[in-house]
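Take a look at the letters that make up each chain.
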Amino acid sequence: MRVPNSKFCLLLAIFTLLIAQSSTGQNFTHSKTQNLIPNPSFETTNVAISRMAMEMQNFGIIKDWKSAINSPDAYHPRLEEIRFIHKSPNFLKQFGEQEPRTGEGKVGMYIAGGPYKEGVTAKLKKPLSKGKYYYFHMYVSLGEGISNSCTSSIGSYFTARVPKITTTSKYPLHVQSSKMVCNTKGWSKVCGVYRAKGTEKYISLGYFADSPKGKSVKGGSFDTAYYFIDDVLLMEMRDTKNLTSGQVCDMALDFSPIEFLVGESEAYKEIKKALDSYIQYVSIFKVKSVKIIGHADDAGSSFENEIMSGMRASNVKKYFIEKGIDESIIEVIAAGNTSPIVDKDPNLDPESNNRVEIKIE
């Protein structure tokens with residue numbers, strides 16, 4: 001740490017007043033613990049996998065989810081354990097090679113009209129509350145192997161009871177994509193905000209009407225689109241803060257540590273801009289605690305490094321409070337140089353140890 005001597009006493013005084021010390025930090029778990037979707041990335045399978053009649057009806061492997069209509073497809077390594085009565089070795093391969101966005105599981109389904117539409121249903125961890133707003137997203141990718149078209153008619157549908165969806169159903173989606181999803185190489189986020197009636201206990205993913213909005217990707221008129229789905233999130237919001245659904249969907253949900261320059265502790269313009277994403281998240285969602293953990297490199301003594309890390313965390317806390325975050329939920333932790341990202345690897349930048357991590361629960 002390179003702290004100018006003229007500032008040291010001032011840093012020490014402010015540090016003593018502001019810092020609340022703790023020996024441990026915790027992982028960012030808020031969006032995981034608050035997610036109302038069971039088995040949101042389709043990783044967990046049923047404990048006992050029974051013998052199945054045919055590979056083309058394999059969705060029963062996925063825990064907590066059921067087919068809403070027709071035969072959506074499960075993609076999971078445990079499929080290799082099943083003794084199918086009828087197995088078509090190339091059945092799943094025909095849809096495309098897209099890797100799961102996270103983990104090893106994903107699902108696939110046709111988005112089409114009439115008798116060819118598919119979907120999946122799950123019971124929420126708890127019913128939705130009347131009048132409350134809920135943030136929803138799922139990630140989708142167009143299956144390039146068999147899709148003739150792409151569509152914006154894909155999203156979520158909420159019901160009070162297990163939905164009875166048939167080939168002639170015409171249920172409108174409550175949240176659907178705002179644009180055509182035609183990406184076959186990566187994952188696109190389908191996102192929106194839903195205001196609950198207060199009776200909803202189930203969520204269904206897919207498309208449940210007759211005429212999806214779409215376009216051909218191979219010439220001609222709209223035909224059928226096959227999509228992979230992964231990483232579903234449904235989370236209660238505290239307040240929309242007059243934001244539009246699009247603004248909420250553009251909000252950052254994956255956060256990186258805030259890096260400081262060597263010897264600096266002030267939350268200058270660039271740092272404040274990075275912190276605004278955290279502050280927006282804490283303002284909108286039901287957050288119980290925010291841990292602000294300051295770190296430093298090992299250029300100075302352990303005592304000096306602890307002070308510098310504490311000043312960094314305290315200045316971040318100050319900015320949070322200025323932006324209206326309740327001080328009572330904020331905990332400041334001075335880690336000093338005890339948790340370096342960089343140790344002895346000469347290819348890594350040691351300045352990354354000069355950082356603040358923010359853990360939200």
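Described in the following lines is the structure provided in the data block.

Cut-off values and rules
Residues numbered from 1 in each chain as written. Predicted model: local features only at pLDDT ≥ 70, side-chain atom pairs only at ≥ 80, totals over all residues. Heavy atoms only, no water. Salt bridge = Lys/Arg side-chain N within 4 Å of Asp/Glu carboxyl O. Helix = DSSP H or I, 4+ residues; strand = E, 2+ residues; numbered from the N terminus. Buried < 20%, exposed > 50% of the residue type's maximum accessible area, 1.4 Å probe, protein only. Disulfide = S-S within 2.5 Å. Phe/Tyr/Trp six-rings, centres within 6.5 Å; stacked < 30°, edge-to-face > 60°.

## Digging into the pattern of salt bridges
Turning to step 1, where the next piece is worked out: According to the stated counting rule, one finds 10 salt bridges in the structure shown.
Turning to step 2, where the next piece is worked out: Where Glu236 meets Lys286, a salt bridge forms, and the shortest distance between an N and an O atom there is 3.6 Å. You can see Glu236 sitting in strand S12 (residues 225-236) and its partner Lys286 sitting in the loop between helix H4 (269-284) and strand S14 (290-294), a full 50 residues away along the chain.
Turning to step 3, where the next piece is worked out: Residue class for Glu236 comes out buried when judged on its relative accessible area of 12%.
Turning to step 4, where the next piece is worked out: Its salt-bridge partner being Lys317, residue Glu327 comes within 3.6 Å of it at the nearest N-O pair.

## A look at the state of the cysteines
Turning to step 1, where the next piece is worked out: Overall, the coordinates contain two disulfides when judged by the stated rule.
Turning to step 2, where the next piece is worked out: The disulfide bridge from Cys150 ends at Cys182, spanning 2.0 Å between sulfur atoms. With the S-S dihedral at roughly 55 degrees, the linkage between Cys150 and Cys182 falls on the right-handed side. Here Cys150 is found in strand S6 (residues 149-151), whereas its partner Cys182 is found in the loop between strand S8 (175-176) and strand S9 (188-195), with 32 residues between them in sequence.
Turning to step 3, where the next piece is worked out: The class of Cys182 is partly exposed, set by a relative accessible area of 30%.
Turning to step 4, where the next piece is worked out: Here Cys191 pairs with Cys249 through a disulfide, and the sulfurs are 2.0 Å apart. Note on the Cys191 and Cys249 pair: the S-S dihedral is about -90 degrees, so by sign convention the disulfide is left-handed. With Cys191 in strand S9 and Cys249 in helix H3 (residues 245-249), this pair connects stretches of sequence that are 58 residues apart.
Turning to step 5, where the next piece is worked out: In the protein, the bonded cysteines, taken in the order they occur along the sequence, pair up as 1-2, 3-4.

## Side note on unusual backbone geometry
Note on backbone geometry: most residues besides glycine have negative phi, and most peptide bonds are trans.
Turning to step 1, where the next piece is worked out: Non-glycine residue Phe42 carries a positive phi angle of around 60 degrees.
Turning to step 2, where the next piece is worked out: Taking the relative accessible area as the measure of exposure, Phe42 reaches 0% and is therefore buried.
Turning to step 3, where the next piece is worked out: With a phi angle near 55 degrees, Asp231 is a residue other than glycine that sits in the positive phi range.
Turning to step 4, where the next piece is worked out: Mapped onto the elements of the fold, Asp231 is located in strand S12.

## Overview of the packing of aromatic side chains
Turning to step 1, where the next piece is worked out: Counted by the stated rule, this structure contains 12 aromatic pairs.
Turning to step 2, where the next piece is worked out: On the basis of an interplanar angle of 85 degrees and a centroid distance of 5.3 Å, the ring pair of Tyr75 and Phe228 is categorised as edge-to-face. Here Tyr75 is found in strand S2 (residues 73-75), whereas its partner Phe228 is found in strand S12, with 153 residues between them in sequence.
Turning to step 3, where the next piece is worked out: Taking the relative accessible area as the measure of exposure, Tyr75 reaches 9% and is therefore buried.
Turning to step 4, where the next piece is worked out: The buried category is assigned to Phe228, whose relative accessible area is 0%.
Turning to step 5, where the next piece is worked out: Geometrically, the ring pair formed by Phe95 and Tyr110 is edge-to-face, given 6.1 Å between the ring centres and 75 degrees between the ring planes. Of this pair, Phe95 sits in the loop between S2 and strand S3 (106-111) while Tyr110 sits in strand S3, and the two are 15 residues apart along the sequence.
Turning to step 6, where the next piece is worked out: The class for Phe95 is buried, based on a relative accessible area of 2%.

Note that every value here comes from positions in space, so none of it alone points to a role or purpose.
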